[in-house]
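Letter by letter, the chains look like this.
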Amino acid sequence: MCKRPGSLHLALSVTTMLSAAFSSSAMAATRHAPVVHRAAPAAHKNTPRVATPKRRHTGPYMSKSAESMAVVARHPPRGTVETVSQKMLAEAPAGTNPMKVISQLPGIVFQSGDAQGLDTWSAQIFMHGFQQQEIGMTLDGMPLGEMTYRNYNGLNPIMAISSENVARIDVSQSAGAESMAASNNLGGGLSYVSMTPSDKMGGTAAAGFGSYSTYHTFLRFESGKLNSSGTKFYTSYMRNDSGMWKGYGEQFMQQVNAKLVQPIGHDSSISAFFDWSDLHQNTYPDISPQIINRVGYGLSSYENGSNSGYIAAVNAANGIYSGKVGTLDDPADAAYYDGSTNTVDTFGGIKADLRLTDRLTWNTTAYGHGERNQTSWATPYYPSPTGSPVSELMKEPEIRRFGIVSALHYDIAHNHIGAGVWYENNSYMSPMNAYAQPAVVNGVVQGKVHDPLTQWRDPFAQIFNQNYNTNTFTAFVQDTYNVLPNLALHFGFKSLLSTTRVGDGYLNQDYYGAGAAVTSGESLTVAKPFLPHISADWHFLKDHELYFDISENARTYAESGYKLSNSPFAVSQTAYDDTKSTIRPETAWTYAIGYRYTGKLVAATVYAYRTNYNNRLQQITEGPVVNPISAVSNVGGVTMNGVDAGLTLMPFRGFALTNSVSYNHGVYDQNLVSGSTVYATKGQQIVNYPRFMYKGRVSYEWHGMTAYADGSYTGTRNYSYTGDVKSPGYWLTNVGVQYSFGNMRKYNRYLGAIKNLTVAFNGSNLTNKRYISTMGQNGNPADIASGALTDQSMQIGAPRMFFGSVRADF
C-alpha cells in the first residue's frame, strides 16, 4: 500500500484510446441504434437502425441471452463500443474482478497482486495507455468517479456491485461518450449495467473455494412479479475471504446489493439500486528492482500473527535487520510491520425511465454516496509515545457526494437527438492520524499490538487534515443521423464546468518541520464549453463494417492528502503559488479508424488510433523519504500511435480460436526538467504500459459444457521515465471448464426446485510464472541516478492457483 511518495512521481497519465473487438458476436452486437428491453417491443418502432450482420455464433464476449438481460438502455451506433456479458464474467473464477475479464480485449491491461483482482491497492487497469484515473466509469448511469486508491470522488466498481449482479459492461474505447456522467474520461469509459430482477420468484446460491484459503459465497433472492403492475426486486449478499499468498494476513470483503423495478404502463419504469460494501485487506508490500535481485520475490511484511513479527519490525526500526534485507541500500523501507485497507461504502440511486411520447423519452437518476476509509502502514520514522520506534500512520479520508443525471432523447425522421445534464456536489475530507503501538522491553512486548484490520481509536497525534468541496456540471447535445439504413453519422459535444475549493489545512509541525504550511483557501476551475465528438459507422457489403471516431475530452483536477498525488492542491502554499499560473486541465484529442468483418467462419478486425495528450500534470518530489519537497507542474504532452488486430476462427459450431496483437507507440513529447536537472524523456515509451501485447484464447461449448484456455504475452514496460530501467515481458496461461446440468428434476424428482446446477474449475498462471504485475503505484522514478533501482513501486503477480465453484439457480 502507499507508504510514501516516490522519489519522482510523474502522474501516471498517458494517452491513447480504443480497443478493437475480436469476437464475432461482440463485433456485431454493440453498434445498433437505441434498443429497448424485449418487454416493450414497440418502444422504438420509429427509430432508424443501422443494419448489422445476423449473428451466427456466440463468441466469447456476448452471451446468447445478452439482449434479454438488457435494461432500458441506449447503445450508440458506433464501432468503438464493445460489450462484455455476464456469460463471460461467469466463466472466470467466482468473485473475480470484472476488469480482469475486460482485459482480454486488445489493448487493455489489468494488473493486481492477487489472483482475483480484488486487492484495491494493487489493482490497476490501462486502456490503450490511459490509466484508470483517466477512464470514466458508471453503474446504471450513476458516476463511480475516478478509480484510485483512497478515492476522493467515487468508489471502486467492485465496491459498487457484486460481479454476479453485473448484466454487462459496455467498454467505450474512444475518449468516452459525451453523455457519460464523468469528468475524467480522457481515455474511454466503462459502463456497468446491473441485472434486472426476474419476472419469476427464485434465487441463486453459489459457493467457491480456491488456493490459499480462498472462499467465496453469493446468495441472491428474486421476488418475481409481486402484483399486476409488475413490481419486482432482488437482494443479494456476497462474501469473499482469502489468505495472503505470501506473508501473513487476509483479504476480506462482504457486500449487499438490492434492486427494485416498478413498471409504469407499458414502456416506463422507476427503479432503485442500493449497495453496501465492507472491505478489510492486508496489502502486499511494494518492492524494487534491487529487492528482487538481492532478497527475492517473496519479501513480505513483518507481521506474522504473533509478537515475534512485531519485535522484528521494532528491531528493523532500530537498525537491526534479519536475513538479506540488511544488504539493501534502503533496508529501513524494504518492509514494514504491516499495511492495510479498511473501506466501507454506501451507494445508491433512484432512476426514472419515462416514455413521454412515441418519440420522446426522459431518463433521470438521483444518487448519493458515502465512504469511510482507513489505509495504514507501520512507520519506523515517527515514534509512539509509548517508547516504541514504530507508530501506525492512518489516512482516514471520507466522501459525501450527491448528484443528478438527466437526459431527453427524441427520435424524428432519420435523426436520434439527445441532450442532458449532470450535476454533482462532492465533499472530501482527507485527515491523517498517528496511532500508538506498544514498546518492546528486553524482548517483551509491553501491551497489545493493534490489528490493522480493526477499527482504530484515539490517535495520539493528527498529522494532516484538509477539506475539499467540488461542484461539477456537465451538459451534452448529440445527434445520430441515419443517412442510409446501413450508414450512421454522429455529432455531439460536451460542456464541462467544475470548481474545487480547499479549506484551511492543518500540518503537524513536528512531522513536517517548523513553518510548513499547506495550500489553504484556494480554488481552481475547469471550464471547457465545447468538447466535440464526431463519428461514423458504415456497414457495407455483407458482414463488413467501417467506422471512425474523433473526440476531445478533459479531466478535472485530482484531489488527495498532502503530497500523495498530482493534485495541484496537495502541496505547500509556496509550491502552489509558484505553479498556479501554469496549471491547466489535462486534455486529449483522439482519432481512430476501424474495420470489422463478421463472417460465419471467420471474424477479423483492425483498429488504428492516434492520441495527442496535452497539459500532463505530474508530481515532482525530491529529498527525504518521509517529508520530501513536492510540487505539481505542467510538463507537456504525449503522442500516441497504435494499432490492434484480431482474428477469430469458428470452423464448427461451439468452437472459437481467437488471436489478437496490440502495438502502441506512446512517447513523451518533451524532456522532464526538475530544477536544474534535465531528464531525457523525450521520445521514450510511456511508463507502466507495454509497447506490444499478444492475447489468444481457444474455447469450446458442447451441450452443457464450456471449456477454455487463454494465453497472453505482456511486453517490456518502462519503469523509469528515461527507460533505463524496465520490467521484462512475461507469458501467462489460464484454463477453465464448467458444466451446467440444467434442471435437476431429470436426475431426481425431489430436486426439481433447482432450475440449473453449474460446477466449475479454473486454474490461473498455470506455469507458475514469477513476474512483475502492478507498477507505479507509488509513482515512477526518473532514472537510475534518481533511485530507479531502489524505488519501491512494484508488485509481484500471484503464483499458480486453482479455484472451484458450485452454483445453483432456483
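The structure displayed is predicted, hence computed values, not measured ones.

Conventions adopted
- Residues numbered from 1 in each chain as written.
- Predicted model: local features only at pLDDT ≥ 70, side-chain atom pairs only at ≥ 80, totals over all residues.
- Heavy atoms only, no water.
- Helix = DSSP H or I, 4+ residues; strand = E, 2+ residues; numbered from the N terminus.
- Buried < 20%, exposed > 50% of the residue type's maximum accessible area, 1.4 Å probe, protein only.
- Contact = heavy atoms within 4.5 Å.
- Areas by Shrake-Rupley, 256 points an atom, 1.4 Å probe, with all protein chains shown as cover.
- Pairing = 2+ DSSP bridges.
- Salt bridge = Lys/Arg side-chain N within 4 Å of Asp/Glu carboxyl O.
- Polar contact = N/O pair within 3.5 Å; in protein donor to acceptor, adjacent residues only side chain to side chain.
- Phe/Tyr/Trp six-rings, centres within 6.5 Å; stacked < 30°, edge-to-face > 60°.
- Core = buried A, V, L, I, M, F, W, Y, C linked by side-chain atoms within 4.5 Å.
- Arc of directions from axis to C-beta.

Visitor: So what's going on with the overall build of the protein? Which residues, and what values?
Guide: On a plain count of helices and strands, the protein comes out with 9 helices and 44 strands. Burial analysis of the protein (810 residues in total) assigns 62% to the buried set. Long-range pairs, those at least 24 residues apart, make up 71% of the contacts in the protein between residues at least 6 apart in sequence. A total of about 28,700 Å² of accessible surface is found on the protein, and carbon and sulfur atoms cover 59% of it.

Visitor: Tell me about the pairing of strand S15 (residues 360-379), and please be specific about residues and values.
Guide: In terms of burial, S15 is a largely internal element, 16 of the 20 residues being buried. Looking at chain direction, strand S14 (residues 339-355) and S15 are connected through 17 bridges and run antiparallel. Residue Gly 339 lies in a different strand from S15, and its bridge partner there is Trp 377. Counting the residues between successive antiparallel strands, the hairpin from S14 to S15 contains 4 residues.

Visitor: Would you mind going over the pattern of salt bridges in detail, with residue names and values included?
Guide: In the structure shown here, the tally under the stated rule is 18 salt bridges. Of the charged contacts, one joins Arg 697 and Asp 710 as a salt bridge, the two residues approaching to 3.5 Å between their closest N and O atoms. Of this pair, Arg 697 sits in strand S36 (residues 692-702) while Asp 710 is found in strand S37 (residues 705-714), placing the two residues 13 residues apart along the sequence. Here Arg 697 and Asp 710 have matching classes, each one buried. Among the salt bridges present, the one from Asp 809 reaches Arg 807, with a minimum N-O distance of 3.2 Å.

Visitor: Which residues make up the side chain of Gln 374, and what values do they have?
Guide: By secondary structure assignment, the location of Gln 374 is in strand S15. By relative accessible area, Gln 374 is classed as buried at 5%. A polar atom in the side chain of Gln 374 sits 2.8 Å from the side chain of Glu 396. The contact partners of Gln 374, leaving out residues within four places of it in the chain, are Ser 340, Thr 341, Asn 342, Met 394, Lys 395, Glu 396, Thr 454, Gln 455 and Trp 456.

Visitor: Lay out the packing of aromatic side chains in plain terms, naming residues and giving numbers.
Guide: The full count for this structure, using the stated rule, is 32 aromatic pairs. Judged by centre distance (5.5 Å) and plane angle (35 degrees), the ring pair of Trp 245 and Tyr 284 falls under tilted. A residue pair is termed long-range when its members are at least 10 positions apart, and Trp 245 in the loop between strand S11 (232-243) and strand S12 (250-264) and Tyr 284 in the loop between strand S13 (268-282) and helix H6 (289-294) qualify at 39 residues. Take Trp 245: its relative accessible area is 15%, and that puts it in the buried class. Seen in terms of ring centroids, Phe 493 and Phe 530 are 5.1 Å apart; in terms of plane orientation they differ by 40 degrees. Their pairing is tilted.

Visitor: Please provide a residue-by-residue account of unusual backbone geometry, values included.
Guide: Phi angles above zero are rare outside glycine, and His 703 is one such case at about 50 degrees. Looking at the secondary structure, you find His 703 in the loop between S36 and S37. Phi at Asn 768 takes a positive value of approximately 55 degrees, unusual for a residue other than glycine. Within the secondary structure, Asn 768 is located in the loop between strand S41 (756-764) and strand S42 (772-775).

Visitor: Can you lay out the nonpolar core for me, pointing to particular residues and giving the numbers?
Guide: Counting residues in hydrophobic clusters, the biggest one holds 62 residues, and the most contacted among them are Val 84, Met 99, Ile 102, Leu 139, Val 171, Leu 190 and Tyr 192. Looking at which element gives the most residues to this core, the answer is strand S7 (residues 166-172), with 4 residues. Counting 32 residues, the second-largest nonpolar core is a separate cluster that includes Ile 292, Tyr 719, Met 794 and Phe 803.

Visitor: Lay out helix H7 (residues 307-317) in plain terms, naming residues and giving numbers.
Guide: For an α-helix, 3.6 residues make a turn, and residues three or four places apart therefore share a direction. Every buried residue belonging to H7 is among Gly 309, Tyr 310, Ala 313, Val 314 and Ala 316, and all of these are buried. Seen from one end, H7 has its buried residues packed into an arc of 160 degrees, which puts them on one side. Contacts from the buried residues of H7 go to strand S20 (440-441) and strand S21 (444-445). Among the residues trailing H7, Gly 319 stands out with phi positive, at a value near 90 degrees.

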